[in-house]
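# Observations on the three-dimensional arrangement
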Amino acid sequence: MVHDKRLERTVFGIHFQNPVGLAAGFDKDARLFDELGCLGFGHIEIGTLTPKPQPGNPKPRMFRLKADGALINRMGFNNEGVNEAVKRLKKRKSKVIIGGNIGKNKITPNEQALDDYEICFETLFEHVDYFVLNVSSPNTPGLRDLQEKEPLRALLVRIKELNGRKKNPKPILLKIAPDLTNTQLDDIIDLVLATKTDGVIATNTTTSRLGLKTDVAEVHEMGIGGLSGKPLAKRSTEVIRYICEKSGNAFPVIGVGGIHSSEDAIEKLEAGASLVQVYTGFIYEGPGIVRRICRGILKKTDTRVKTQDTRHGE
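For clarity, every value in this text was computed on a predicted model and none was experimentally measured. The residue numbering used here restarts from 1 in each chain and proceeds along that chain's sequence as written. Local features in this predicted model are restricted to residues of pLDDT 70 or higher, and side-chain atom pairs are both shown and tallied only at a pLDDT of 80 or more, whereas totals for entire chains, interfaces and linings draw on every residue. Computation of side-chain values covers all heavy atoms of the structure but excludes hydrogens and water.

### Some points on the overall build of the protein
Under the DSSP-based scheme used, a helix requires at least four consecutive residues in state H or I and a strand at least two consecutive residues in state E, with every element numbered from the N terminus. When its secondary structure is counted, the protein shows 10 helices and 13 strands. Here the globule rule is a power law, 2.2 Å times the number of residues to the power 0.38, and the radius of gyration is based on C-alpha atoms. Relative to its length of 314 residues, the protein is compact, with a C-alpha radius of gyration of 19 Å against a globular reference of 20 Å. Along the first, second and third principal axes, the C-alpha set of the protein runs to 65 × 55 × 40 Å. Counting the 314 residues in the protein, one finds 56% classified as buried. The contacts in the protein between residues at least 6 apart in sequence include a share of 72% that link residues at least 24 apart. Buried means the residue's accessible area, taken with a 1.4 Å probe over protein chains only, is under 20% of the maximum for its type, while exposed means over 50%, and partly exposed covers the values in between. Should any heavy atoms of two residues lie within 4.5 Å, those residues are considered in contact.

### Section: the nonpolar core
Within this scheme, the nonpolar core is defined by two criteria: the residues are buried Ala, Val, Leu, Ile, Met, Phe, Trp, Tyr or Cys, and they are joined through side-chain atoms within 4.5 Å. Membership of the largest hydrophobic core comes to 70 residues, with the highest contact counts inside it found for Y117, L124, L133, L174, I176 and I243. Apart from residues lying up to four places away in sequence, I176 is in contact with S136, Q147, L185, I188, V200, I201, A202, T203, N204, V239 and I243.

### As for the packing of aromatic side chains
Two aromatic rings, drawn from Phe, Tyr or Trp (for Trp, its six-membered ring), form a pair once their centres lie within 6.5 Å of each other, and the interplanar angle then sorts them: stacked below 30 degrees, edge-to-face above 60, tilted otherwise. In the structure shown here, the tally under the stated rule is eight aromatic pairs. Ring geometry for F121 versus F131: centroids 4.7 Å apart, planes at 45°, classification tilted. Highlighted residues: F121 in helix α3 (residues 113-124) and F131 in strand β8 (residues 130-134), separated in sequence by 10 residues. The pair F121 / F131 is uniform in exposure class, with both members buried. Positioned over the ring face of F125 is K166, at 4.9 Å from the centre of the ring. Charge over a ring is defined by NZ of Lys or CZ of Arg lying within 6 Å of the ring centre and within 35 degrees of the ring normal.

### Digging into the sheet that holds strand β5 (residues 62-65)
In space, the three strands of this open sheet follow the order β5-β6-β11, with antiparallel pairing throughout. The strands lining the two open edges of the sheet, one partner per strand, are β5 and β11 (226-229). Recorded for the sheet is a direction-independent mean angle of 25° between the axes of neighbouring strands. Pairs of strands are assigned from DSSP output, requiring at least two bridges between the strands. Pairing geometry for strand β6 (residues 70-73) and β11, over four bridges, is antiparallel. Looking at β11, one finds that A70 is bridged to G229. Only the stretch in contact is used when fitting a helix axis, every axis being a line fitted to C-alpha atoms; angles between N-to-C directions are given from 0 to 180 degrees.

### A word on the pairing of strand β4 (residues 43-49)
One face of the sheet, then the other: side chains in a regular strand alternate in exactly this way. Here β4 lies mainly inside the structure; seven of its seven residues are buried. Two strands pair when backbone bridges link them, and strand β3 (residues 20-22) and β4 are joined in this way by two bridges, in the parallel orientation. Across the sheet, L22 pairs through a bridge with I44, a residue of β4.

### Digging into the layout of surface pockets
Using a grid of 1 Å spacing that covers the protein atoms alone, one calls a set of points a cavity when a 1.4 Å probe fits there but cannot get out, and a pocket when the set is open and has protein on both sides within 12 Å along at least five of seven lines; lining residues are those with an atom within 4 Å of a point. Grid points are joined across faces, edges and corners, and a volume is the space filled by probe spheres set on the points. Its boundaries defined by the atoms lining it, the largest pocket holds a volume of some 260 Å³. Q17, F41, G42, K95 and V96 are, among the 17 residues lining the largest pocket, the residues nearest its centre. For the lining of the largest pocket, the secondary structure elements donating two or more residues are β2 (14-16) and α1 (33-37). Under the scheme applied, nonpolar residues are Ala, Val, Leu, Ile, Met, Phe, Trp, Tyr, Cys and Pro; charged residues are Asp, Glu, Lys and Arg; polar residues are all the others, including Gly. Considering only residue class, the lining of the largest pocket consists of seven nonpolar, eight polar and two charged.

### Looking at helix α8 (residues 262-270)
Taken together, the buried positions of α8 are S262, A265, I266, K268 and L269. In a view along the axis of α8, the buried residues occupy a sector of 160°, so they form one face of it. Just downstream of α8, G272 is the residue with a positive phi angle, here 125°. By construction, the arc corresponds to the directions joining the helix axis to the C-beta atoms.

### A few points about empty space enclosed by the protein
Applying the stated criterion across every chain, the model contains two cavities of 30 Å³ or more. Contributing elements (two or more residues each) for the lining of the largest cavity: β4, β11, β13 (275-278) and α9 (280-285). A breakdown of the residues in the lining of the largest cavity according to their chemical character gives 10 nonpolar, 20 polar and two charged. What the second largest cavity holds in volume is close to 40 Å³. Surrounding the second largest cavity, Q147, E148, K149, Q184 and D187 form its lining. Considering only residue class, the lining of the second largest cavity consists of no nonpolar, two polar and three charged.

### A few points about the side chain of N78
Along the chain, N78 falls in the loop between β6 and α2 (82-89). The exposure class assigned to N78 is buried, which follows from its relative accessible area of 14%. Each polar contact in these results corresponds to two N or O atoms within 3.5 Å; when the atoms are within protein, one needs to be able to donate a hydrogen and the other to accept it, and residues that are neighboring in sequence are counted only if both atoms are side-chain atoms. In terms of polar contacts, N78 uses its side chain to reach the side chain of K28, at 3.5 Å. Not counting residues up to four positions away in its chain, the partners in contact with N78 are K28, Q54, P55, G56 and R61.

### Digging into unusual backbone geometry
In this structure, the amide linkage connecting K59 to the following residue, P60, adopts the cis form with an omega of 0°. Note on placement: P60 falls in the loop between β4 and β5. A cis amide bond links A202 to the next residue, T203, at an omega of 10°. Summarising the element assignment, T203 is placed in the loop between β10 (199-202) and α6 (216-222). Here the phi dihedral of F77 falls at roughly 55°; this positive angle occurs in a residue that is not glycine. Of note, F77 is situated in the loop between β6 and α2. For N249, which is not glycine, the phi torsion reads 55° and is therefore positive. Among the secondary structure elements, N249 is positioned in the loop between α7 (233-247) and β12 (253-256). Among the residues examined, N249 registers a relative accessible area of 53% and is labelled exposed.

Laid out in structure tokens, this is it:
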């Protein structure tokens, strides 16, 4: 673990020991957050959790594209349900920041989706430090329709209203897809500002298969699902930069997508992200990735300080 004051961040009112977190999808059922915290993560995002347990999509449902440093997954929000996660969160030992990523059950029609998010929000409220509304997974039929302007407005308003009734409200973040157009991103920026949503996570996995090194037939055989890892890096950074610039840095962004090195993380931070998250990079590069990213950020900080000192000396 790397402890250094220069790595600390305060974002949406929460103090983080460092800017490197673990994205949702790894500790789906809140089983390993204490152990993962020992690896040096500044925060762990559990979930995606749904009100009722569900098995997810049939296996096989996750595939490695080694030539691309990527994964394709169609997990489908497999989890034991929010109540089981809470049982484990009540036994929390570490002080690592925990985010609760919430979604809807597959069998819940979109017309009733808000009820699912409300159930998860109320059930998890006392046990997580911030919330993420996941409307961007490509692996639950119809879920991405909730990113459209009016359904999204209704969801944000509902959860913010519930949050506002609490004695100590928690930060509410929205996780978005990389496949949105600039017009759709403009709508999201407007809604986040209008509803005073606390931040955005950019981005989830992509449905695109463009530019892959893995054989086309092999990729086709893997089937549908969200692509993550190195091929997503450029687009996720573009989305981060667009949101930050267009909004005038009006709210924090957590950058995720294709981070396999400290250089990748720094690229996201320089595009405007306040924090970063890893998932596929953690799988490919191993647990040392957190330490390497933190050290890389510190090295970059030292370089800037030396450069400034040199200029002042002139």
